[in-house]
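If you want the building blocks of each chain, they are given just below.
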Amino acid sequence: MTKHTLLQMAYDAAEDKKAEDIVVLNMEGISLLADYFIICSGNSDRQVQAIARELIEQSNKAGNEVKSVEGFDAARWILIDLGDVVAHVFHKDERSYYNLERLWREAPQMEI
């Protein structure tokens, strides 16, 4: 699976579960963690977990190994390492507090 296919799959999975304010940051040359970050949010703990679950399920279906998942039980900020793509699924109350878009402001935002 190419990193662009992985990115599209992750974006579609988040969108399918009605994630809000989906932002894609191109991290190539900026971070060694991943080539792309997807940042999105849900309105409730249940929705945040549903978005994360869908990302994991679609990644597994595509034959892409999920490297790690952190924060699932708390459902405030779930980090899903898909390899070239890292998804950050926030509860809407936490997203503005951490403001990853500002933290990584030198990363160009991408349209998907």
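Look up a bit, the structure's there.
Figured I'd write up the structure that's included with this text. (Residues numbered from 1 in each chain as written. Predicted model: local features only at pLDDT ≥ 70, side-chain atom pairs only at ≥ 80, totals over all residues. Heavy atoms only, no water.)

**Details of the packing of aromatic side chains**
Test applied: For Phe, Tyr and Trp, rings pair up if their centres lie within 6.5 Å, where Trp contributes its six-membered ring, and each pair is then called stacked (planes under 30 degrees apart), edge-to-face (over 60) or tilted (otherwise). Strands are runs of DSSP state E lasting at least two residues, helices are runs of H or I lasting at least four, and both sets are numbered from the N terminus onward. Relative accessibility thresholds used throughout: buried, under 20% of the residue-type maximum; exposed, over 50%; partly exposed, between the two (1.4 Å probe, protein chains only).
Overall, the coordinates contain five aromatic pairs when judged by the stated rule. Centre to centre, the rings of Trp 77 and Tyr 98 are 4.7 Å apart; their planes meet at 50 degrees, and the pair counts as tilted. A residue pair is termed long-range when its members are at least 10 positions apart, and Trp 77 in strand S4 (residues 77-81) and Tyr 98 in helix H3 (residues 92-98) qualify at 21 residues. You can call Tyr 98 partly exposed: its relative accessible area is 35%. Members of the aromatic cluster, joined through ring pairs, are Trp 77, Phe 90, Tyr 97 and Tyr 98.

**Details of the sheet that holds strand S6 (residues 109-110)**
Basically, it comes down to this: When DSSP finds two or more bridges between two strands, those strands count as paired.
Ordered in space as S3-S4-S5-S2-S1-S6, the six strands form an open sheet in which the pairing is mixed. Strands with a single pairing partner mark the edges of an open sheet, and in this sheet they are strand S3 (68-70) and S6. For strand S1 (residues 20-26) and S6, the ladder comprises two bridges, and the chain directions are antiparallel. Of the residues in S6, the one forming a bridge with Leu 25 is Gln 109.

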